[in-house]
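Close look at the chain arrangement
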Amino acid sequence: MKSLFRLCVLAIIALSLAGTLFGLSFDYLLFAAGIGALATGFPLMGKGFRKAAVIFLVLGVGMLVFRRHPFGLWVKAATSMTNIIAVVAAMQSFAVPIKVGGYDKAIKSWMDGRLKGKSSLFVFLTLTTHLLTSFLNMGSVPVTVSLFEPTLKARVPDWKRFFARAATRGYVLSVLWSPGAVNLSLVVQATGLSWAKVFIPGFLLAFLGMGASSVAEFAGSRGENSLLLRAGGGEGRAEGGRIVHLLAVVVSFIALVAVLEKLKIGASSGRTVLAGLALALAWTLSQAGRPGMKGALRTHWREGLLKTGDIAPFFVAMGIFSTALEASGLLEKAAPFIKVAADYLGPASVILIAGIIAATSLIGLHPFITIMLFGKVLSYVSLSIPPITVALALSVGGAAAYMITPFAGMIMIMSRLIEVKATDIALRWNWRFSLAFLAGGLAFAFAWGTLFG
């Protein structure tokens, strides 16, 4: 079953890539791969994703059957969000060159040799998680735990809280700009904007958020900036070149996506898949002479592709529901009422939606779901504010939600790896910053829309 799931995911990547390169449509093959991923991936899903997928699937299939839609719409429904599956799965391939090239060990060595205080360690942990997440997605969580856990255990009291705060915020803020982020893909899809239009404000907001996080963490606590054990000498300085390599990969990834978008090659998600795979392949080939390549490729086949076990079936089910809802006419019937409410609230409607995205995550409603639903609702309303403000507000609401919901996949994985409650990571350690970021991020969204919208 697992092997069949892997093959279905690889087929989705290959068909997405072929469509981007040759401009051809492979709807029926993609339909078969999507349904295969749904059926074979269902047993691999966590409880939270499984419940949501079942609800979406039942509602979506029910609407399609009730309205007796043709088979062509079923094909469209099952394939409508396979592009996101392709993006997430393609990004996992970066784990191979990182492992083979020893970049994980290089980061640890550099950190142990250069970072002396808590504040610098907090900033470095946040930035490292942020950059790794920009192309590894959820795969960055186990990598950062393995990188930082030994050092933090030896040098920082209450290291779990320290790690959870820095890593959570570094992870979450990358969804504001990274081409490989699922949230951003949904926002772009919902608002009709290009990735390039959202990238610059999203990037600025992410780094403003990380700066605010570091300031908030150590404001008024000067005496706590020392570590239990001082780092060693200059041993890690020689590894600085590898850190530069990682930065170069991130910059190259962004630049390649931008070039493909400028050349108008394929759809937004297809460009991300093409850029990610091309860069990962080039990076992997550059490490070909190093030992451990076969082992890394074997691990990627056995474990890397299975990391989409939650995502792949979830987005097939979500796509079926989304397409069925759109074809049902319910949103069109509700459009006049939505318009009246939006006209009455004005710009406050976007603020309310961002708040709802964050608030409903506390009861298990995933930001993927609310961003998609509100994006569709807003498509039926003519708001007097720039689309970029709407896009940034949806992104900010999703990011704030990820920080405070114990149901997020990233939070649940982290809680298992460092052995703390998911509620501690999300609610006890991040709720204040999440609310502050939501307020500041919305202010930024309106300011950017006013100046550049």
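Residues numbered from 1 in each chain as written. Predicted model: local features only at pLDDT ≥ 70, side-chain atom pairs only at ≥ 80, totals over all residues. Heavy atoms only, no water.

A look at the overall build of the protein
Rules: Each helix is a run of H or I in the DSSP string that is no shorter than four residues. Each strand is a run of E no shorter than two, and both are numbered from the N terminus. Radius of gyration here is computed from C-alpha atoms only, and the compact-globule reference equals 2.2 Å multiplied by the residue count raised to the power 0.38. Burial status follows relative accessibility: with a 1.4 Å probe on protein chains alone, a residue under 20% of its type maximum counts as buried, one over 50% as exposed, and anything between as partly exposed. A contact between two residues is defined here by any heavy atoms of the two lying within 4.5 Å.
The secondary structure content of the protein amounts to 22 helices and zero strands. Against the 2.2 N^0.38 benchmark of 22 Å for 453 residues, the protein shows a C-alpha radius of gyration of 22 Å, consistent with a compact globule. With respect to the principal axes defined by its C-alpha atoms, the protein has extents near 70 × 50 × 40 Å. The 453 residues of the protein split such that 56% are buried. Taking the contacts inside the protein whose residues are at least 6 apart along the sequence as the reference set, 82% of them involve residues at least 24 apart.

Digging into the confidence of the model for the protein
Just so we agree on the cut-off: Each residue carries a pLDDT score, the predictor's confidence in it, ranging from 0 to 100.
The pLDDT averaged across the protein works out to 84; a share of 93% of its residues lies at or above 70. Confidence scores differ between elements of the protein, with helix 17 (residues 330-345) showing the lowest mean pLDDT of 73 and helix 10 (residues 159-173) the highest of 94. With pLDDT under 50 throughout, residues 231-236 is counted as low confidence; its partners more than four residues away or in other chains account for twelve contacts.

Points about the environment of L57
Positionally, L57 belongs in helix 3 (residues 47-66). Separated by 330 residues in sequence, L57 and P387 have C-alpha atoms that sit 30 Å apart. What L57 contacts, discounting residues up to four positions off in sequence, is L38, G62, A317 and I320.

Observations concerning helix 10
Count 3.6 residues to each turn of an α-helix, and residues three or four apart come out pointing the same way. Test applied: Expected helix span is given by 1.5 Å per residue-to-residue step, counting one fewer step than there are residues.
When the terminal C-alpha atoms of helix 10 are compared, their 21 Å separation across 15 residues agrees well with the 21 Å that a helix rising 1.5 Å per residue should span. The buried fraction of helix 10 amounts to 13 of the 15 residues, a majority that puts the element mostly inside the structure.

Remarks on the packing of aromatic side chains
Convention followed: Pairing of aromatic side chains requires ring centres within 6.5 Å, counting the rings of Phe and Tyr and the six-membered ring of Trp. Pairs whose planes differ by under 30 degrees are stacked, by over 60 edge-to-face, and all others tilted. Remark: a charge is flagged as sitting over a ring if the NZ atom of Lys or the CZ atom of Arg is within 6 Å of the ring centre and within 35 degrees of the ring normal.
Applying the stated criterion across every chain, the model contains 18 aromatic pairs. Centroid distance F314 to F315: 5.3 Å. Interplanar angle 85 degrees. Geometry classified as edge-to-face. On the accessibility criterion, F314 (1% relative accessible area) is buried. An aromatic cluster is defined as three or more aromatic residues linked by ring pairs; in this entry it consists of W177, W195, F199, F203 and F207. Between the NZ or CZ atom of R50 and the centre of the ring of F42, over which it lies, the distance is 5.6 Å. Lying over the aromatic face of F433, R169 brings its terminal NZ or CZ to 4.6 Å of the ring centre.

Comments concerning the pattern of salt bridges
Going by this rule: Salt bridge, as applied in this entry: a Lys or Arg side-chain nitrogen positioned within 4 Å of an Asp or Glu carboxyl oxygen.
Under the definition given, this model contains six salt bridges. A salt bridge links K153 to E149, with the shortest nitrogen-to-oxygen separation between them at 3.0 Å. With K153 and E149 both in helix 9 (residues 140-155) and four residues apart, the pair spans about one turn of that helix. Between E217 and R165 there is a salt bridge, with its nearest N and O atoms 3.0 Å apart. Of the two residues, E217 is situated in helix 12 (residues 195-218) and R165 in helix 10; the sequence distance between them amounts to 52 residues. Given a relative accessible area of 14%, R165 falls into the buried group. Beyond isolated ion pairs, a larger network of salt bridges with shared partners links R161, R165, R169 and E217.

A short note on a nonpolar patch on the surface
As a reminder, the rule being used: Each patch is built from residues lacking any salt bridge and having more than 30% relative accessible area; the joining distance is 9 Å for like charges and 5 Å for nonpolar side chains (Val, Leu, Ile, Met, Phe, Trp, Tyr). Note on areas: Shrake-Rupley, 1.4 Å probe, and residue coverage restricted to the protein chains presented here.
On the surface, L4, L7, L10 and W301 cluster together into a nonpolar patch covering about 360 Å² of accessible area. When residues in the nonpolar patch are grouped by element, the largest group, three residues, is from helix 1 (residues 2-22). On the secondary structure map, L10 appears in helix 1. For L10, a relative accessible area of 35% translates into the label partly exposed.

A look at the packing of helix 1 against helix 5 (residues 82-91)
Stated precisely, the cut-off is as follows: Between N-to-C directions, angles cover 0 to 180 degrees, with each direction set by a line fitted to C-alpha atoms, over the stretch in contact for helices. Roughly parallel here means an angle under 35 degrees, roughly antiparallel means over 145, roughly perpendicular means 65 to 115, and every remaining angle is called oblique.
For the pair helix 1 and helix 5, interaxial distance at closest approach is 9 Å and the crossing angle is 105 degrees. Taken as axis vectors, helix 1 and helix 5 run roughly perpendicular relative to one another. Within the contact between the two elements, helix 1 uses V9, I12, I13 and S16 and helix 5 uses T82, I85, A86, A89 and A90.

Structural notes on helix 5
Along helix 5, ten of the ten residues are buried, which leaves the element largely enclosed by surrounding structure. Every buried residue of helix 5 is listed here: T82, N83, I84, I85, A86, V87, V88, A89, A90 and M91.

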